[in-house]
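Residue-level listing of the chains:
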Amino acid sequence: MTGGEAGALLARFLGGMAGAKAASPRTIDAYRRDVGRYLDFMTLHRGEAAGREALAGITPREMRAWQAHLLDEGLSPRSAARALSAVKSFHRWLGEAEGAEAAAPLAARAPKTPKRLPRPVSAEAARALIAHAGAAHPEPWIAARDAALLTLLWGAGLRISEALALNRRDAPLPETLRIVGKGGKPRIVPVIGAARATVDEYLRLLPLAPGPEAPLFLGARGGRLDPSMAQKTMATARAALGLPATATPHALRHSFATHLLSAGGDLRSIQALLGHASLSTTQVYTGVDEARLMAAYEAAHPRGGA
């Protein structure tokens with residue numbers, strides 16, 4: 001384990017993360033593990049303690065050796081990239097706080113990671129999930145609430161946090177909603193009639209009379225519905241329907257995007273509706289559409305299975 005001067009440096013680095021940056025305990029543990037293993041490797045590889053002077057002299061070749069070691073140990077490219085990010089943060093701190101600047105670690109490139117395609121649910125599966133949620137709970141207003149929430153995620157492409165941030169004053173839902181997304185960035189999204197109707201039905205059955213600033217989607221005790229409860233509703237529905245674990249509330253947002261793309265929607269418009277800061281984030285949905293097209297081709301073409 002990391003000790004000596006290297007251990008003291010790591011402790012001061014992590015202390016700064018916990019203090020000035022208010023990093024979570026989970027994040028600090030991850031940095032402790034990744035940077036600690038890096039320091040241990042450099043100590044063994046160099047045959048000397050990884051103190052301040054030694055760390056300032058790290059070479060590109062040594063960085064490549066460390067990265068190769070991570071992959072040899074079975075780390076995925078994504079995990080190796082995360083470890084490199086932690087090490088770069090450590091070296092930036094080392095240069096600023098200890099005056100031990102090292103160019104090689106900061107210039108090191110992360111291994112390429114394969115792009116993960118979003119995993120939307122089909123239109124049929126989405127309808128089945130919503131129908132199951134709308135009949136699963138014995139309390140009618142809670143069942144109606146769950147159906148309304150899932151319909152809104154699918155029909156407007158909202159993140160679950162965005163839907164649960166809505167207040168009673170936002171209903172009856174208009175044809176377009178102003179949503180404040182990540183980073184406080186606002187956007188306007190259309191709301192399909194089915195989503196408006198399910199929210200109206202939920203409010204009709206709601207036995208409470210919340211004020212305009214109260215949450216739109218209420219928990220059983222009258223507070224704002226917790227995201228974990230929505231996740232649980234989806235998990236119960238997908239288990240009953242035999243759907244994969246990827247059928248999550250966020251998958252309904254993916255479905256919104258892919259269905260629009262399949263219907264001829266352009267990427268710029270979909271980017272605006274989803275609230276993506278970068279078009280490259282939206283472009284991953286073209287991969288989903290291409291994958292679906294190729295699957296259909298393989299199934300339908302006479303030589304598809306050859």
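This one's a predicted model, so the numbers in the text were calculated from it and none came from an experiment.

As a further point, take the overall build of the chain. Helix and strand counts for the chain stand at 14 helices and two strands. Taken across its 306 residues, the chain has 41% of its residues classed as buried. Once local pairs closer than 6 in sequence are excluded, the contacts in the chain between residues at least 24 apart make up 60%.

Here the focus is the pattern of salt bridges. The tally for this structure, following the rule as stated, stands at eleven salt bridges. Close ionic contact of D146 with R145 constitutes a salt bridge, the shortest N to O distance being 2.9 Å. The pair D146 / R145 is uniform in exposure class, with both members buried. Overlapping salt bridges bring together R12, R52 and E98 as one network.

Running from N to C, helix 4 (residues 60-72) and helix 5 (residues 77-98) cross one another at 140°; their axes reach a closest spacing of 9 Å. Between helix 4 and helix 5, the angle falls in the class oblique. Crossing of helix 4 against helix 5: the hand is right-handed. Residues M63, W66, Q67, L70 and L71 of helix 4 touch helix 5, and the partners they reach there are P77, A80, A83, L84 and V87. Class assignment of the residues belonging to the contact of helix 4 with helix 5 gives a composition of nine nonpolar, one polar and no charged.

Another point: the environment of E98. Position of E98 relative to the elements: it lies in helix 5. Considered as a pair, E98 and L9 are 89 residues apart in the sequence and their alpha carbons are 8.9 Å apart.

This part takes up the nonpolar core. Ranked by internal contacts, the top residues of the largest apolar core, which has 44 residues, are L152, Y202, L216 and F217. For this core, the elements supplying multiple residues, two or more each, are helix 7 (123-136), helix 8 (140-156), helix 9 (160-164), strand 1 (176-180), helix 10 (193-205), helix 11 (227-241) and helix 12 (249-262). Broken down by element, the residue count for this core peaks at eleven residues, all from helix 8. Filtering out sequence-adjacent residues up to four positions away, L152 remains in contact with G157, L158, A163, L166, L173, V191, A195 and F217. Core analysis: the second largest hydrophobic core is formed by 30 residues, A6, L39, I58 and L84 among them.

Of the two faces of strand 1, only the one carrying L177 and I179 is buried; T176, R178 and V180 on the other face are not. Of the strand pairs in this sheet, strand 1 and strand 2 (residues 186-190) are connected by five bridges, and their pairing is antiparallel. Along strand 2, the bridge assignment pairs V180 with P186. Here strand 1 hands over to strand 2 after five residues, with G183 in that stretch at a positive phi of 70°.

To continue, consider the confidence of the model for the chain. Summarising the model, the chain shows a mean pLDDT of 82, and 81% of its residues fall at 70 or more. In the model of the chain, helix 14 (residues 279-300) stands out as the element of lowest mean pLDDT, 47, in contrast to helix 10, which has the highest, 94. Ignoring residues within four places in sequence, the model shows residues 287-306, a span with pLDDT below 50, making 13 contacts including any to other chains.

An ideal rise of 1.5 Å per residue puts 32 Å on 22 residues; helix 5 measures up with 30 Å between its terminal C-alpha atoms. Residue G99 follows helix 5 closely and has a positive phi angle near 70°.

Once that is clear, we can look at the packing of aromatic side chains. Within the structure shown, the criterion is met by seven aromatic pairs. Centre to centre, the rings of F13 and F90 are 5.4 Å apart; their planes meet at 80°, and the pair counts as edge-to-face. With a gap of 77 residues between them, F13 in helix 1 (residues 4-19) and F90 in helix 5 connect regions that are remote in the sequence. With respect to burial, F13 and F90 carry one shared label: buried. When the ring of F13 is compared with that of W93, the centres are 5.8 Å apart and the planes differ by 55°; the resulting orientation is tilted. In this pair, F13 sits in helix 1 while W93 sits in helix 5, placing the two residues 80 residues apart along the sequence. The two residues F13 and W93 agree in class, both being buried.

Let's shift gears to the side chain of R145. Checked against the element boundaries, R145 lands in helix 8. The buried category is assigned to R145, whose relative accessible area is 5%. Looking at R145, its side chain comes within polar contact range of the side chain of D146, at 2.9 Å. Those residues in contact with R145 that lie beyond four places of it in its chain are Y202, F217, L218, G219, A220 and L225.

Let's shift gears to helix 7. Residue pairs three or four apart in sequence face the same way in an α-helix, which turns once every 3.6 residues. Look at helix 7: 20 Å from first C-alpha to last across 14 residues, which is about the 20 Å you get at 1.5 Å a residue. The complete set of buried residues in helix 7 reads A123, A125, A126, L129, I130 and A133. One side of helix 7 holds all its buried residues, which, seen down the axis, span an arc of 165°. Of the exposed residues in helix 7, those oriented more than 90 degrees away from the buried face are E124, R127, A131 and A135.

Here is what the cut-offs are and how they apply
- Residues numbered from 1 in each chain as written.
- Predicted model: local features only at pLDDT ≥ 70, side-chain atom pairs only at ≥ 80, totals over all residues.
- Heavy atoms only, no water.
- Helix = DSSP H or I, 4+ residues; strand = E, 2+ residues; numbered from the N terminus.
- Buried < 20%, exposed > 50% of the residue type's maximum accessible area, 1.4 Å probe, protein only.
- Contact = heavy atoms within 4.5 Å.
- Salt bridge = Lys/Arg side-chain N within 4 Å of Asp/Glu carboxyl O.
- Axes fitted to C-alpha atoms, helices over the stretch in contact; angles between N-to-C directions.
- Parallel < 35°, antiparallel > 145°, perpendicular 65-115°, else oblique.
- Left-handed = near helix turned anticlockwise from the far one by under 90°.
- Nonpolar A, V, L, I, M, F, W, Y, C, P; charged D, E, K, R; others polar.
- Core = buried A, V, L, I, M, F, W, Y, C linked by side-chain atoms within 4.5 Å.
- Pairing = 2+ DSSP bridges.
- pLDDT = per-residue confidence, 0-100.
- Expected span 1.5 Å × (residues − 1).
- Phe/Tyr/Trp six-rings, centres within 6.5 Å; stacked < 30°, edge-to-face > 60°.
- Polar contact = N/O pair within 3.5 Å; in protein donor to acceptor, adjacent residues only side chain to side chain.
- Arc of directions from axis to C-beta.

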